Amino acid sequence: MFARSTFRAAQPLRMHARRFATETGPSAAQTAKPAAAAAPKTAATPPPPPPSPSGGGGNATTYVLGAAVLGGGAYYYSTLSGGAKGSAASKQPAQAAFTGGDQGFLSLKLAEVVDVNHNTKRFRFELPEKNQVPGLPIASAVLTKFKGEGDEKATLRPYTPINDENEPGYVELLVKQYPGGPMSTHIHNLQPGQTLDIKGPLPKYAWAENKHDHIGLIAGGTGITPMFQLARGIFQNANDKTKVTVVFGNVSKEDILLKKELEELENTYPQRFRAFYVLDKAPKDWQGNTGFITKDLLKTVLPEPKSENIKIFVCGPPGLMKAISGNKVSPKDQGELSGALQELGYSKDQVYKF
Ligand SMILES: Cc1cc2nc3c(=O)[nH]c(=O)nc-3n(C[C@H](O)[C@H](O)[C@H](O)COP(=O)(O)OP(=O)(O)OC[C@H]3O[C@@H](n4cnc5c(N)ncnc54)[C@H](O)[C@@H]3O)c2cc1C
């Protein structure tokens, strides 16, 4: 067990929530059975960290986009030959497509659209060159832009790609459509062959291997995408031993995005990765948590605030942010910590709001 040695609560969930596979006995909080046991993966070499060592956020429209380190000459190792990730034989240099600085927007062709649920789709865009990789540092997003007919100004929105930043050929976005939302509607209306303007990276929290011993990722809805990027980056790096606990809130079971990918992580790294799912409208047979993400649940499953080197990340709709950590003031200003995390004793420095 890597979290608290003493359980502080009495309910069955709480009795087991901090247990990982190194412990005996089932975990009531292990709510979803993985679809299939995934074979252990060989770690890939992660991309180099972004220029700033700090974990600060930034405004999508005012970011200086990672110019220096990710300049045109930046190279990443990828699995171009299809071999095991990270094995010396398979490593070939690949150029990053998103180099920031004065690169501007890339007009990327939509190659494929996959329906995920009633309001969410995956969009796979081709990078300019087949052997290029996205090359985004972890954690960072991309910025999309479009100007509709008659629009005075272009619409700009950030998204966190969900495919491997070291995988060649494409960048993939998972986009939920909001009624009346200009960008999500525009992207959902795109047909394969059409293009979208995308630039990056928009640096977020600069991750470096073993930066923290244990991190908690609290997400709601599409807020899971930056969390998944972070978790994937950690587990692709064999040298990174960080433990990861996810608390993921959604309205219904169908809304749980990236469930298969999260289950694969849980199956492959049971001693270091745990995910707890919370549904507002749970079906009768739901064995996970119901309602909203509560202080009690967080107290039970997250690493303790008094632990030495932990970080809690939060990303979700304004209501969730307000209840859990307080909203960001702006992309550059994390604002004060409030809500459940503050009440549980976490300090502002221990929390990062995406
Ligand atoms: C760093 C970062 C990464 C992001 N990554 C993703 C991603 O991977 N996938 C994705 O689908 N979105 C992501 N988003 C949200 C995305 O940038 C847009 O805000 C979203 O697609 C809505 O844009 P829109 O122009 O369609 O609607 P808007 O005009 O921006 O909003 C339309 C309506 O939807 C509401 N709304 C907007 N965003 C949210 C939200 N997140 N939760 C609940 N209600 C909301 C608004 O309050 C408004 O009522 C991310 C945001 C940030 C800051």
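No experiment lies behind these values; they were computed from the predicted model shown. (Residues numbered from 1 in each chain as written. Predicted model: local features only at pLDDT ≥ 70, side-chain atom pairs only at ≥ 80, totals over all residues.)

Observations regarding the overall build of the protein chain
In terms of regular secondary structure, the protein chain is built from 7 helices and 14 strands. Buried residues in the protein chain amount to 43% of all 354 residues. (Helix = DSSP H or I, 4+ residues; strand = E, 2+ residues; numbered from the N terminus. Buried ≥ 20, exposed ≤ 12 C-beta atoms within 10 Å, placed from the backbone.)

Some details on the site of the ligand
The environment of the ligand is formed by 22 residues, the closest being Gly-181, Met-183, Ser-184, Thr-225 and Pro-317. Looking at the shell around the ligand, the elements with two or more residues in it are β6 (155-159), β7 (170-176), α2 (182-189) and α3 (224-236). Considered class by class, the residues forming the shell around the ligand number 11 nonpolar, 9 polar and 2 charged. Both domain 1 (106-203) and domain 2 (214-353) contribute no fewer than three residues apiece to the shell around the ligand. (Near = placed C-beta within 6 Å. Nonpolar A, V, L, I, M, F, W, Y, C, P; charged D, E, K, R; others polar. Domains from an automatic or database assignment.)

Concerning the confidence of the model for the protein chain
When pLDDT is averaged across the protein chain, the result is 82; 74% of the residues are at 70 or more. Every residue in residues 78-89 is under pLDDT 50, and counting partners more than four places away or in other chains gives 29 contacts. (pLDDT = per-residue confidence, 0-100. Contact = placed C-beta atoms within 7 Å.)

With respect to the UniProt feature "binding site: FAD" (unreviewed entry) in the protein chain
In this numbering, the UniProt entry assigns the feature "binding site: FAD" (unreviewed entry) to Arg-157, Pro-158, Tyr-159, Leu-174, Lys-176, Met-183, Ser-184 and Thr-225. Structurally, Leu-174 is set in strand β7. Residue contacts for Leu-174: discarding those within four places in its chain leaves Val-116, Thr-120, Arg-122, Ile-162, Thr-222, Thr-225 and Leu-257. Among the structural elements, Thr-225 can be located in helix α3. (UniProt positions renumbered as here; feature names shortened; annotations may be inferred.)

Observations concerning the pairing of strand β9 (residues 214-220)
Across the 7 residues of β9, 7 count as buried, placing the element largely inside the fold. Residues His-214, Gly-216, Ile-218 and Gly-220 point to one face of β9 and Ile-215, Leu-217 and Ala-219 to the other, with burial holding for every one of them. Inspection of the sheet shows β9 paired to strand β10 (residues 243-250) by 7 bridges, in the parallel sense. Bridge pairing links Gly-220 to Gly-249 in β10. Where β9 meets strand β13 (residues 310-315), 6 bridges bridge the pair, whose relative direction is parallel. Its bridge partner lying in β13, Ala-219 is registered against Cys-315. (Pairing = 2+ DSSP bridges.)

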